[in-house]
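# Summary of the model geometry
Chain by chain, the residues run as shown.
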Amino acid sequence: MAEPFVRFDLAKIEANARAIVADCARRGISVAGVTKCTCGHPDVARAMLSGGVVEIGESRLENVLRLRRAGVRARFLLLRVPPLSAVEHVVDAVDVSLDSELDVLAGLSAAALRRRRRHDVVLMVDLGDLREGIWPDDLTRFTREALQLAGVRIVGVGANLTCFGGVAPTRENMTRLVALADEVERTFGLALTYVSGGNSSALELIAAGGMPARINHLRVGEAILLGRETLHRRAWPGTSQDAFEIQAEVIELKEKPSLPIGEPAQDAFGHVPHFVDAGDRIRALLDIGREDVDPEGLTPVDSRARVLGASSDYLIVDVTAIAPPVKVGDFLAFVPSYAALLAAMTSPYLAKRPVRG
Ligand SMILES: *Cc1c(COP(=O)(O)O)cnc(C)c1O
């Protein structure tokens, strides 16, 4: 049996990382390579490290542990602010975590002290995207309290944008982050290592020369994996957009009308679908579905194919225009969006096939 698979080219991922790292280095910015979209795949982490990222950023402790077990040697940065119940694991698994809650910091501190160590933390500030982060007005008070905790060391401040609220990084909000970093340093006599300005959505601002000089760190996933900045999803110069490809097998191939026959009702996901009559079409059913991908995020490599939709376990593709015709047993290839890749790399039903070149 040949299961559907995700094929990824490690040489392209490495080259993408090298291009992004070089663009950031010109502005004094170091890059953490973010592997979370690949479910912490060790080969992807190694390719990023070969491409020059200074550390690996992961959102999940399980992924960090998998990477460590696979022998990936790197500094690990935990991206998702940790749950209070996980502080012991966090201190054991990662070198630095992004944090926003005093109770969690107290837990991390106690866990670190039990190991006769200190745990490094980056304080996350919310600049308006309304996901994680300390409200800016509260940063001084928060820092004062955090400094009472002997087991944690504040090594930076950071912010994350364009994730929940869709707020773009700008010279203004990045200058705000720098001002907050300066204020924390001045008030408490700290020297912060990280002023971590964001993710793949910050690349345009950097390239345009609009990033304040004090921002010295970025956490980058999508731009390295898929070769796109994420403000407008434009291809990033010097990177490949097709390092990842999803392939699935044609398991049924029939000519059928484009309009369903019968009384219209809800589909399997509670939506009432809308169809346009394009006459009889050759339709391929493939052996992946919503269980494995975000079907809206699949772009067929053969531009003559068109994704019509998906249910849990089938992807339905119009292959009428393809010549020579598609056959049952053929594999069709798709370039995934971030959401489709996230699902595919997390799906246990898709094989993961790293290749080089
Ligand atoms: C996922 C994540 C990133 C990386 O985002 P990309 O858009 O993939 O570059 C950076 N920082 C945090 C906190 C994240 O959760």
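See the structure above.
This report concerns the structure included in the present document. Values in this document were obtained by computation on a predicted structure and should not be read as measured data.

Conventions adopted
- Residues numbered from 1 in each chain as written.
- Predicted model: local features only at pLDDT ≥ 70, side-chain atom pairs only at ≥ 80, totals over all residues.
- Heavy atoms only, no water.
- Helix = DSSP H or I, 4+ residues; strand = E, 2+ residues; numbered from the N terminus.
- Polar contact = N/O pair within 3.5 Å; in protein donor to acceptor, adjacent residues only side chain to side chain.
- Contact = heavy atoms within 4.5 Å.
- Near = heavy atom within 4 Å.
- Areas by Shrake-Rupley, 256 points an atom, 1.4 Å probe, with all protein chains shown as cover.
- 1 Å grid on protein atoms, 1.4 Å probe; cavity = no way out; pocket = protein on both sides within 12 Å on 5 of 7 lines; lining within 4 Å.
- Sits in = over half its atoms within 2 Å of the grid points.
- Nonpolar A, V, L, I, M, F, W, Y, C, P; charged D, E, K, R; others polar.
- Buried < 20%, exposed > 50% of the residue type's maximum accessible area, 1.4 Å probe, protein only.
- Salt bridge = Lys/Arg side-chain N within 4 Å of Asp/Glu carboxyl O.
- Axes fitted to C-alpha atoms, helices over the stretch in contact; angles between N-to-C directions.
- Parallel < 35°, antiparallel > 145°, perpendicular 65-115°, else oblique.
- Left-handed = near helix turned anticlockwise from the far one by under 90°.
- Right-handed = clockwise from strand over helix to strand, strands pointing away.
- Core = buried A, V, L, I, M, F, W, Y, C linked by side-chain atoms within 4.5 Å.
- Phe/Tyr/Trp six-rings, centres within 6.5 Å; stacked < 30°, edge-to-face > 60°.
- Arc of directions from axis to C-beta.
- Points joined across faces, edges and corners; volume = space filled by probe spheres on them.

### Regarding the side chain of E222
Its location among the elements puts E222 in helix α9 (residues 222-226). Polar contacts involving the side chain of E222 include one to the side chain of R233, which spans 2.7 Å. Those residues in contact with E222 that sit more than four places away from it in its chain are S200, G227, R228, T230, R233 and Y338.

### As for the site of the ligand
Taken together, 14 residues lie around the ligand, and K36, S200, R219, G221 and E222 are the ones closest in. In this structure, R131 approaches the ligand through a side-chain N or O atom, which is 3.2 Å from an oxygen atom. In the environment of the ligand, an oxygen atom lies 2.5 Å from a nitrogen or oxygen atom belonging to the side chain of S200. Expressed as a share of its isolated accessible area of 390 Å², the protein-covered part of the ligand is 94%. Put simply, the ligand lies in the second largest pocket. Taken together, the residues of the shell around the ligand sort by class into five nonpolar, four polar and five charged.

### A closer look at the environment of R117
Positionally, R117 belongs in the loop between α5 (102-114) and β6 (119-124). On the accessibility criterion, R117 (36% relative accessible area) is partly exposed. Along the backbone, R117 and D242 are 125 residues apart, and their C-alpha atoms lie at a distance of 43 Å. Dropping the residues within four chain positions of it, R117 is found in contact with V91, D92, A112 and G151. Here V91 takes part through its backbone oxygen, which lies 2.8 Å from a polar atom of the side chain of R117.

### What about the pattern of salt bridges?
Side-chain pairing between opposite charges can occur once the charged atoms of the two side chains come close. Under the definition given, this model contains 22 salt bridges. E88 is paired through a salt bridge with R115; the nearest N and O atoms lie 2.8 Å apart. Of this pair, E88 sits in helix α4 (residues 87-93) while R115 sits in the loop between α5 and β6, and the two are 27 residues apart along the sequence. For R115, a relative accessible area of 27% corresponds to the partly exposed category. Note that R115 is salt-bridged to D92, the shortest N-O span being 2.6 Å.

### Looking at the packing of helix α6 (residues 139-146) against helix α7 (residues 171-188)
The N-to-C vectors of α6 and α7 enclose an angle of 45°; their axes lie 10 Å apart at closest approach. Classified by the angle their axes make, α6 and α7 are oblique. The way α6 lies across α7 gives a crossing that is right-handed. Along the contact surface, α6 presents L139, T140, T143 and R144, while α7 presents L180, E183, V184, T187 and F188.

### Quick word on the pairing of strand β2 (residues 30-34)
Among the five residues in β2, four count as buried, and that is most of the element. A crossover connection joins β2 to the parallel strand β3 (residues 55-58) through helix α2 (residues 42-50); in handedness this β-α-β unit is right-handed.

### Let's talk about the nonpolar core
Across soluble globular proteins, you tend to see nonpolar side chains buried next to one another. Of all hydrophobic cores here, the largest spans 94 residues; its most connected members are I13 and F244. Those residues in contact with I13, other than ones at most four positions away along the chain, are F8, V44, A47, M48, I224, A243 and F244. In this structure, V34, L79, V96 and V122 belong to the second largest nonpolar core, which totals ten residues.

### Observations concerning the environment of A265
In this structure, A265 sits in the loop between β10 (244-257) and β11 (280-286). Judged by relative accessible area, A265 falls into the exposed class, the value being 52%.

### Quick word on the side chain of R283
Within the fold, R283 resides in strand β11. For R283, the residues in contact, after removing those within four places along its chain, are E252, L253, K254, K256, P257, S258, L308, I316 and V317.

### A short note on the packing of aromatic side chains
The relation between two aromatic rings is expressed through the spacing of the ring centres and the mutual angle of the planes. All told, the structure shown has two aromatic pairs when counted by the stated rule. Centroid distance F5 to F331: 5.9 Å. Interplanar angle 35°. Geometry classified as tilted. Of this pair, F5 sits in strand β1 (residues 5-9) while F331 sits in strand β15 (residues 331-336), and the two are 326 residues apart along the sequence. You can call F5 buried: its relative accessible area is 6%. For the pair F8 and F244, a centre-to-centre distance of 5.3 Å together with 20° between the ring planes defines the contact as stacked. Of the two residues, F8 sits in strand β1 while F244 sits in strand β10, which places them 236 residues apart along the sequence.

### Some words on helix α10 (residues 338-346)
When α10 is considered as a whole, its buried residues turn out to be A340, L341, A344 and M345. Taken down its axis, α10 places every buried residue within 120° of arc, on the same side. Buried residues belonging to α10 abut β1, α9, β10, β12 (298-300), β15 and β16 (351-355).

### A short note on the layout of surface pockets
Considering only enclosed or pocket space, the largest pocket measures out at about 960 Å³ in volume. Looking at the largest pocket, it is lined by 36 residues, and the ones nearest its centre are P260, P273, F275, R283 and L308. Where the lining of the largest pocket is concerned, the elements lending two or more residues are β10, β11, β13 (306-310) and β14 (315-318). Split by residue class, the lining of the largest pocket holds 18 nonpolar, seven polar and eleven charged. Approximately 530 Å³ is the volume attributed to the second largest pocket. Lining the second largest pocket are 24 residues, with K36, R131, C163, N199 and Y338 sitting closest to its centre. Broken down by class, the residue content of the lining of the second largest pocket amounts to seven nonpolar, nine polar and eight charged.

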